[in-house]
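Residue-level listing of the chains:
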Amino acid sequence: MGSGEAVVIDPELTQRVDWETELAVIIGTEARQVSEADALRYVFGYTVANDISARDLQERDGQWLRGKGLDTFCPFGPVLVTADEIPDPQRLRIRTRVNGETVQDGSTADMVFGVPALIAYLSRFFTLRPGDVVLTGTPAGSGDYMRPPRALRPGDLLESEVEGIGRLTNPVRSTVPDGAGECVAVS
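Residues numbered from 1 in each chain as written. Predicted model: local features only at pLDDT ≥ 70, side-chain atom pairs only at ≥ 80, totals over all residues. Heavy atoms only, no water.

## Focus on the side chain of Glu161
Working step 1: On the secondary structure map, Glu161 appears in strand E10 (residues 157-162).
Working step 2: Side chain to side chain, Glu161 and Arg167 meet in a polar contact 3.3 Å long.
Working step 3: Aside from chain neighbours lying at most four places away, what touches Glu161 is Thr21, Val48, Arg93, Ile94, Arg95, Arg97, Gly166 and Arg167. (Helix = DSSP H or I, 4+ residues; strand = E, 2+ residues; numbered from the N terminus. Polar contact = N/O pair within 3.5 Å; in protein donor to acceptor, adjacent residues only side chain to side chain. Contact = heavy atoms within 4.5 Å.)

Below is the structure:
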């Protein structure tokens with residue numbers, strides 16, 4: 001799913017849908033047991049991702065599969081920037097706006113584990129293949145952790161931005177069952 005496409009929320013499944021803008025790393029060369037020092041050599045490029053999360057499902061399940069895996073969650077875009085255009089992935093500003101209000105404003109410099117560490121760690125356990133996407137984590141400001149907590153609602157406009165890459169824009173819609181039992185998107 002890309003920029004301009006709707007994040008669709010099914011209110012019968014979840015009431016606490018949250019945002020997490022992240023730098024997405026696209027693997028370009030097969031990587032198995034690579035060192036942290038060599039890890040960036042395996043990167044093809046970068047894009048913006050929003051790792052949308054249904055917090056109530058995560059809480060109920062005790063894990064993340066359903067909470068992060070619903071249809072239309074995790075949009076990517078608006079473009080893929082090649083690795084040579086981002087000389088240091090640990091020096092990028094990350095921002096999220098909901099209806100024009102900045103709710104996340106951080107930097108990849110503040111990541112707990114940098115891009116090289118993530119690639120090295122993951123490649124110890126399984127082979128990363130060309131086209132694989134590694135999400136890197138989100139800065140403070142996710143809605144469920146605000147006081148009071150906030151969630152995405154139908155009609156919201158979600159903007160996710162990573163410096164040097166661009167802005168991913170997604171409207172938020174809701175599903176409502178029609179008389180035939182199918183779902184239609186409405187604002």
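Read on, since the account is not over.
## Notes on the pairing of strand E8 (residues 101-107)
Working step 1: Inspection of the sheet shows strand E7 (residues 93-98) paired to E8 by 6 bridges, in the antiparallel sense. Paired with Ile94 across the two strands is Gly106, which belongs to E8.
Working step 2: From the end of E7 to the start of E8, which pair antiparallel, there are 2 residues, and Asn99 there has a positive phi angle of about 55°. (Pairing = 2+ DSSP bridges.)

## What to know about the nonpolar core
Working step 1: Counting residues in hydrophobic clusters, the biggest one holds 22 residues, and the most contacted among them are Leu23, Val25, Tyr46, Ile119, Val162 and Ile165.
Working step 2: Of all the secondary-structure elements, those providing two or more residues to this core are strand E3 (21-27), strand E4 (43-50) and helix H3 (115-125).
Working step 3: Filtering out sequence-adjacent residues up to four positions away, Ile165 remains in contact with Leu23, Tyr46, Thr47, Val48, Val79, Val81 and Ile86.
Working step 4: Ranked by size, the runner-up nonpolar core spans 14 residues in total, among them Val17, Trp19, Leu152 and Val172. (Core = buried A, V, L, I, M, F, W, Y, C linked by side-chain atoms within 4.5 Å. Buried < 20%, exposed > 50% of the residue type's maximum accessible area, 1.4 Å probe, protein only.)

## Notes on the layout of surface pockets
Working step 1: As a volume, the largest pocket reaches approximately 330 Å³.
Working step 2: For the largest pocket, the lining is made up of 14 residues, of which Glu20, Asp51, Gln58, Trp64 and Lys68 are closest to its centre.
Working step 3: Its residues placed into classes, the lining of the largest pocket shows 3 nonpolar, 3 polar and 8 charged.
Working step 4: Reported here for the second largest pocket is a volume of approximately 170 Å³.
Working step 5: Asp110, Met111, Val112, Gly137 and Thr138 are, among the 13 residues lining the second largest pocket, the residues nearest its centre. (1 Å grid on protein atoms, 1.4 Å probe; cavity = no way out; pocket = protein on both sides within 12 Å on 5 of 7 lines; lining within 4 Å. Points joined across faces, edges and corners; volume = space filled by probe spheres on them. Nonpolar A, V, L, I, M, F, W, Y, C, P; charged D, E, K, R; others polar.)

## Focus: the environment of Ala49
Working step 1: Following the sequence through the fold, Ala49 ends up in strand E4.
Working step 2: Other than its neighbours up to four places away in sequence, Ala49 contacts Glu20, Thr21, Glu22, Ala24, Pro75, Phe76, Leu135 and Leu168.

## A word on the environment of Arg150
Working step 1: Along the chain, Arg150 falls in the loop between strand E9 (133-135) and E10.
Working step 2: Distance from Arg150 to Val17, taken between C-alpha atoms, is 8.6 Å for residues 133 residues apart in sequence.
Working step 3: Beyond its immediate stretch of four places on either side in the chain, Arg150 contacts Trp19, Val98, Glu101, Val103, Gly143 and Asp144.
Working step 4: Polar side-chain contacts of Arg150 include one of 3.1 Å to the side chain of Glu101.

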